[in-house]
Amino acid sequence: MHDLTGFQRDLLFIVGGYSEPAGVTIKDDIEEYYGKEVHYGRLYPNLDTLIDKGLVEKGKKDGRTNCYLITNRGRREVQARFDWMDKYYD
């Protein structure tokens, strides 16, 4: 997790909070959290980075819609981050 940007970490948390969310679901949640529009040109390259790092997998919901799933490694990384944060904010 230390080599992810804050935006990438936020995306990973969102993906992990759903069961196979579509990109538009992730986009809606990140926009709600950030309070501004997030362009697809920012969203999808960052999701691809999470995929390349083995933290997220991409699948197909239907012929047009991709879905995303946090991997076991991604879950371990998120848990390690929470454990680290708990050390400072108990």
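Residues numbered from 1 in each chain as written. Predicted model: local features only at pLDDT ≥ 70, side-chain atom pairs only at ≥ 80, totals over all residues. Heavy atoms only, no water.

Some points on the packing of helix α1 (residues 6-16) against helix α3 (residues 40-52)
- At a closest axis distance of 10 Å, the pairing of α1 and α3 adopts a crossing angle of 75 degrees. Regarding the angle of α1 to α3, the classification is roughly perpendicular. Of α3, the residues touching α1 (which contributes F7, Q8, L11, L12 and V15) are R42, L43, N46, L47, T49 and L50. (Axes fitted to C-alpha atoms, helices over the stretch in contact; angles between N-to-C directions. Helix = DSSP H or I, 4+ residues; strand = E, 2+ residues; numbered from the N terminus. Parallel < 35°, antiparallel > 145°, perpendicular 65-115°, else oblique. Contact = heavy atoms within 4.5 Å.)

Re the UniProt feature "domain: Transcription regulator PadR N-terminal" (unreviewed entry) in the protein chain
- Mapped onto the present numbering, the UniProt feature "domain: Transcription regulator PadR N-terminal" (unreviewed entry) falls at residues 21-79.
- As annotated, residues 21-79 comprises 56% helix and 17% strand, and the C-alpha atoms at either end are separated by 20 Å. (UniProt positions renumbered as here; feature names shortened; annotations may be inferred.)

Quick look at the packing of aromatic side chains
- Counting across every chain of the model gives five aromatic pairs.
- When the centroid spacing of 5.7 Å and the interplanar angle of 70 degrees are considered together, the rings of F7 and Y34 count as edge-to-face. Within this pair, whereas F7 is found in helix α1, its partner Y34 is found in helix α2 (residues 23-34), the two being separated by 27 residues in sequence.
- Ring centres 5.6 Å apart and planes at 10 degrees place the aromatic pair Y40 and Y44 in the stacked group. Of this pair, Y40 and Y44 both sit in helix α3, separated by four residues, roughly a single helical turn.
- Looking at Y40, the relative accessible area reads 43%, which means it is partly exposed.
- Each residue in the set F7, Y33 and Y34 is aromatic and connected to the rest through ring pairs, giving one cluster. (Phe/Tyr/Trp six-rings, centres within 6.5 Å; stacked < 30°, edge-to-face > 60°. Buried < 20%, exposed > 50% of the residue type's maximum accessible area, 1.4 Å probe, protein only.)

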